[in-house]
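# Coordinate inspection notes
This is what each chain is made of:
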Number of protein chains: 2
Amino acid sequence: MFSEKHKNAGVTYAKGFKAAGVRAGIKKSGNLDLAMIYTEREATVAGVFTQNLVAAAPVQVSKNVVATGSAHAIVANAGCANACTGTQGQRDAEKMASLAAAELNCKSDDVIVASTGVIGVNLPMDKVESGIKNLVKELSTEGSVNAGKAIITTDTYSKACATEIEIGGKEVRFGAIAKGSGMIHPNMATMLCFITTDLNIDKNLLQGALSEIVQVTFNMVTVDNDTSTNDMVIILANGAAENPKITEKNSDYDKFYSTLKEMCTELAKKIASDGEGASKFLTINVHGAKTFADAKTVGMAVANSPLVKTAFFGQDPNWGRTICAVGYSGVKIVPEKTVIKFGGISVFANGVGANFDKDALDKVMAQRDIVIDIELGLGEVSATVWSCDFSYEYVKINGEYHT
Amino acid sequence: MFSEKHKNAGVTYAKGFKAAGVRAGIKKSGNLDLAMIYTEREATVAGVFTQNLVAAAPVQVSKNVVATGSAHAIVANAGCANACTGTQGQRDAEKMASLAAAELNCKSDDVIVASTGVIGVNLPMDKVESGIKNLVKELSTEGSVNAGKAIITTDTYSKACATEIEIGGKEVRFGAIAKGSGMIHPNMATMLCFITTDLNIDKNLLQGALSEIVQVTFNMVTVDNDTSTNDMVIILANGAAENPKITEKNSDYDKFYSTLKEMCTELAKKIASDGEGASKFLTINVHGAKTFADAKTVGMAVANSPLVKTAFFGQDPNWGRTICAVGYSGVKIVPEKTVIKFGGISVFANGVGANFDKDALDKVMAQRDIVIDIELGLGEVSATVWSCDFSYEYVKINGEYHT
């Protein structure tokens, strides 16, 4: 719903935000590869980062910025992850922030930096330097489209959305850009997602809401079970909407919370749907679990099974592979209590295959978007995991994507 | 070493064992699909089975046989897994045992049954019945080759080996047949492996040795991270070698133990090497871990990463994906202490890419068998995981393998 409405607005929809994307020469393709998001009015900042112990240099630098509680800008590049680059990489990430700060006339620790691309390669700092100068010249309220394109790698399109709500009599706007699309099995964050809002809100509430929401949105996505070294979700709230500051969990907070959750859900689903080589978008609803962790574990086991993923690619209603994954997930399921449905059609129940209408099921399997429901019959908790299939194209993209 | 020496002997190399494989019409291809292994002299039996909670009917039946401590025969089919088949499946598995018992003039609970193939399909019992009659007629000391062929599915060849040792002045022989090659991420056992020996040994010692050895052999193999519903490793020891019975952990036991371990290692490696669509055989040695569990976790994270697997398929020395998988494995590694080598050549050390000879590394990547060494620098424990790459062929086999 969001993306259709304000398709091109993204991170510049909220008041006081500008953005740009330029060709700095980091991507071999020559495409847009350096992005900036800027708010002159200081923004409250919150962020969640990869839990991979091999975190990239920009992750370390940006964690420090988030710790200060405020920021003015985000600079992000695609084509080079600046991960596993040692002290040189650390210096380069810091330099990226200080170069932007100098051009924007703010402090270095007001600048979030992010990178995505090949691991183990150093940033071409001369290109980054001239790119940052160009970015600052290009900053505009129409810049979100180029910024969104500049952060993608193997994504087939740039993910963006925007929306607005009313808080304390003021219109409050939200917008975001995000990218996938391989090495996607986020743990506390997804590859890259930048959210802007002109909401006026307390720093701790902002961070708390983001951390909670990421758990049930971006962290429920898996493309290939690989948790990246560079994952990062950042939200900047610059207060330009001039609503009375949200300082407690009241009805205004609830309104903000549900809006942010809806945005993150939409972007998370887009990342799964645009997974590398994906021909199917899979929504896996696990119901009747004892705990959220159990429901997620079952959903992730199914979503990450190469046999399940290739079966959906082949449009084969091979429910045996799905129940097999449920069985080895580690959760103490009871096969006889488990019910599996593809597109609402029962395929497994009472420990055996269900009698289904073959033609109706074939129609489900031929669709691009397929819902898998797994009822465990053990408790009251549900979880939804979003994923995609495994195709020849995934192997091609990742077998031929040379370092 | 074993397989070259007694290439065709397999399960009939040990004294007193006969085997056969026939075409019962269970596989659509019309290939050999029903196997029998028989010892007239009662054998001590030990087994390990899948930990998948959705275990197939034959797994349940065979567990009961192993609990009795002795057996005379194994009947196994390929082409139908008899999994998720409910009470009908349970009756069919029991019938398979009783039909064989009637022909062999032994008790039903002397017959191990095993199945592999499509999940959720009932066994064609008329074909099984006539097949079992033919099997008994065909039983011979040359029957291992056909038995081995009758248990494979997408394997490109039948895995077998045989060897002998001297115990108490007697020659003791061992032989085995095994199959892979998809849905391979064994937990307590692999798809199917049947081992025979004419050793005279106590039941508890036999089971203890098998259980221990499986942990470091078959359970260290992964093709696609999918733990099957039908995994089973069975050993029959009929005592025909007439060695003084092994009843304690003495030097004879040690000799037996190391032989069994060597056999299981060889078969485990063959299963990984013949993984569905595999073009590379990967040996992942993890050193310097604090515990075996940690070392295995790191090795499995690397072995199961689709990005690592597709990079090796593409012959790309993309060490960034390997260190990324090490980083998200869940083990508290220290990137700066971690060293990664491909084919003995350092590619990652001190937190950054190593300076390597590109031509020498390209030669390593072009080989079929590649050793990955991962030194964690945290402790003294090592583990080895065996796996394979991810190719177009894997997607083809599993996208087009219709139910």
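### Considering the overall build of chain A
The secondary structure content of chain A amounts to 12 helices and 14 strands. Relative to the 2.2 N^0.38 estimate, which gives 22 Å for 403 residues, the radius of gyration of chain A is 22 Å and therefore close to what a compact globule would have. Across its three principal directions, the C-alpha atoms of chain A cover 70 × 50 × 35 Å. The buried share among the 403 residues of chain A stands at 62%. In chain A, once contacts between residues fewer than 6 apart in sequence are set aside, the share between residues at least 24 apart is 81%. Taken as a whole, chain A presents about 13900 Å² of accessible surface, with 47% of it coming from carbon and sulfur. Distance from the positive charge centre (39 side chains) to the negative charge centre (44 side chains) of chain A: 2 Å.

### Focus: the nonpolar core
Ranked by size, the top nonpolar core spans 228 residues in total, and within it A:Phe256 and B:Phe256 carry the most contacts. Dropping the residues within four chain positions of it, B:Phe256 is found in contact with B:Ile165, B:Ile167, B:Phe174, B:Leu199, B:Ile201, B:Leu206, B:Ala209 and B:Ile246.

### Re the interface of chain A and chain B
Listed by partner, the interface residues are 54 residues for chain A and 54 residues for chain B. Summing both partners gives a buried area of about 4200 Å² for chain A against chain B, and 64% of it is carried by carbon and sulfur. For the interface between chain A and chain B, the tally reads zero salt bridges. Where chain A touches chain B, the interface holds five residue pairs in polar contact (both at pLDDT 80 or more). If you list the elements that add at least two residues to the side of chain A that touches chain B, you get α9 (306-313), α10 (319-328), β12 (352-353) and α12 (392-400) of chain A. Of the residues belonging to the side of chain A that touches chain B, the class tally is 24 nonpolar, 22 polar and eight charged.

### A look at the relation of the copies chain A and chain B
Between the two copies of the chain lies a rotation about an axis combined with a shift along it. Overlay of chain A on chain B (RMSD 0.0 Å): rotation 180 degrees, translation along the axis 0.0 Å. Interpreted geometrically, this transformation is the action of a two-fold axis. Taking C-alpha positions as the reference, the residue of chain A nearest the rotation axis is A:Tyr392, at 2.8 Å. The share of interface residues of chain A whose copies in chain B are also at the interface is 100%, consistent with both copies meeting through the same surface.

### Re the pattern of salt bridges
Residue and element names in this part refer to chain A. Here the structure, examined in full by the defined rule, presents 12 salt bridges over all chains. A salt bridge links Lys270 to Glu266; its shortest N-O distance comes to 3.4 Å. Taken as a pair, Lys270 and Glu266 lie in helix α7 (residues 251-273) at a separation of four residues, close to a single helical turn. Look at Lys270 and you get buried, because its relative accessible area is 15%. For Glu266, a relative accessible area of 13% corresponds to the buried category. The salt bridge partner of Asp362 is Lys358, with a shortest N-O separation of 3.0 Å. One end of the pair is Asp362 and the other is Lys358, both in helix α11 (residues 358-366) and four residues apart, which spans about a single turn. By relative accessible area, which is 30% here, Asp362 ends up partly exposed. One connected set of salt bridges, linked through shared partners, spans Asp155, Lys159 and Asp274.

### Quick look at helix α12 (residues 392-400) of chain B
The complete set of buried residues in α12(B) reads B:Tyr394, B:Val395, B:Asn398 and B:Gly399. End-on view of α12(B): buried residues confined to an arc of 110 degrees, all on one side of the axis. Against the buried residues of α12(B) lie α9, α10 and α12 of chain A.

### Digging into helix α3 (residues 86-104) of chain B
At 3.6 residues per turn, the α-helix brings residues three or four places apart onto the same side. Residues and elements named next belong to chain B. The terminal C-alpha atoms of α3, which comprises 19 residues, lie 28 Å apart, in line with the 27 Å expected from a rise of 1.5 Å per residue. In this fold, the buried residues of α3 make contact with β2 (34-49), α2 (57-68), β3 (70-80), β4 (111-118) and α4 (125-138). Following α3 by one or two positions, Asn105 adopts a phi angle in the positive range, close to 60 degrees.

### Thoughts on the sheet that holds strand β9 (residues 281-289) of chain B
Here six strands make up an open sheet; going across it, the order is β12-β11-β10-β13-β9-β14 (chain B) and the pairing mixed. In this open sheet, the two strands that pair with only one neighbour each are β12 (352-353) and β14 (381-388) of chain B.

### Some thoughts on the sheet that holds strand β14 (residues 381-388) of chain A
Residue and element names in this part refer to chain A. Spatially, β12-β11-β10-β13-β9-β14 is the arrangement adopted by the six strands of the open sheet, whose pairing is mixed. This sheet does not close on itself; its edge strands, each paired only once, are β12 and β14. Of the pairings in the sheet, the one linking strand β11 (residues 345-349) to β12 comprises two bridges and is antiparallel in character. Residue pairing in the sheet places Phe348 in a bridge with Gly353 of β12. Where α7 meets the sheet, its contacts fall on β9 (281-289) and β14, and the angle it forms with β14 comes to roughly 45 degrees.

### Quick word on unusual backbone geometry
Residue and element names in this part refer to chain A. In this structure, Cys84 is a non-glycine residue whose phi angle is positive, near 60 degrees. Following the sequence through the fold, Cys84 ends up in the loop between β3 (70-80) and α3 (86-104). Backbone geometry at Gln315 places phi at a positive 55 degrees, although glycine is not the residue there.

### Thoughts on the confidence of the model for chain A
All names here are of chain A. Looking at chain A, pLDDT values average 90 and 95% of them are 70 or higher. Looking at the elements of chain A, mean pLDDT is at its lowest for helix α1 (residues 2-5), recorded as 51, and at its highest for helix α4 (residues 125-138), recorded as 98. Taken together, the chains of this predicted complex give a pTM of 0.82 and an interface ipTM of 0.79.

Definitions and cut-offs
- Counting restarts for each chain, with residues numbered from 1 along the sequence as it is written.
- All chains are assigned letters beginning with A, and all ligands numbers beginning with 1, in the order in which they are written.
- With pLDDT at 70 or above as the cut-off, local features in this predicted model cover only qualifying residues; side-chain atom pairs require 80 or more to be listed or tallied, and sums for whole chains, interfaces and linings still use all residues.
- The side-chain values count all of the structure's non-hydrogen atoms but skip hydrogen atoms and water molecules.
- By definition, any uninterrupted DSSP run of H or I lasting at least four residues is a helix, any uninterrupted run of E lasting at least two residues is a strand, and each is numbered from the N terminus.
- Atoms counted for the radius of gyration: C-alpha only. Globule rule: 2.2 Å times residue count to the power 0.38.
- Only protein chains enter the area calculation, which uses a 1.4 Å probe; residues under 20% of their type maximum are buried, those over 50% are exposed, and those in between are partly exposed.
- The contact criterion used is simple: two residues touch if any of their non-hydrogen atoms lie within 4.5 Å.
- Per-residue accessibility takes into account occlusion by the displayed protein chains alone, with areas from the Shrake-Rupley method and a 1.4 Å probe.
- Charged residues are defined narrowly, with Lys and Arg counted positive, Asp and Glu counted negative, and His plus the chain ends left uncounted.
- Here the site of a charge means atom NZ of a Lys, CZ of an Arg, CG of an Asp or CD of a Glu.
- Throughout this description, the term nonpolar core refers to a set of buried Ala, Val, Leu, Ile, Met, Phe, Trp, Tyr and Cys residues connected via side-chain atoms within 4.5 Å.
- Accessible-area loss on putting two parts together, using a 1.4 Å probe and summing over both, is the definition of buried area adopted here.
- Any Lys or Arg side-chain nitrogen located within 4 Å of an Asp or Glu carboxyl oxygen qualifies as a salt bridge.
- Any pair of N or O atoms that falls within 3.5 Å is considered a polar contact. Within protein, one atom must be able to donate a hydrogen and the other to accept it, and sequence-neighbouring residues count only if both atoms are side-chain atoms.
- Under this grouping Gly is polar, as are all residues other than the nonpolar Ala, Val, Leu, Ile, Met, Phe, Trp, Tyr, Cys and Pro and the charged Asp, Glu, Lys and Arg.
- Least-squares superposition of the copies uses the C-alpha atoms of those residues scoring a pLDDT of at least 70 in each of them.
- This arc is built from the directions going out from the helix axis to the C-beta atoms.
- For a helix, the expected span equals 1.5 Å multiplied by the residue count minus one.
- Two strands are said to pair when DSSP picks up at least two bridges between them.
- Throughout, an axis means a line fitted to C-alpha atoms (over the contacting stretch in the case of helices), and angles, computed between N-to-C directions, take values from 0 to 180 degrees.
- One number per residue, pLDDT, summarises how confident the predictor is, and it ranges from 0 to 100.

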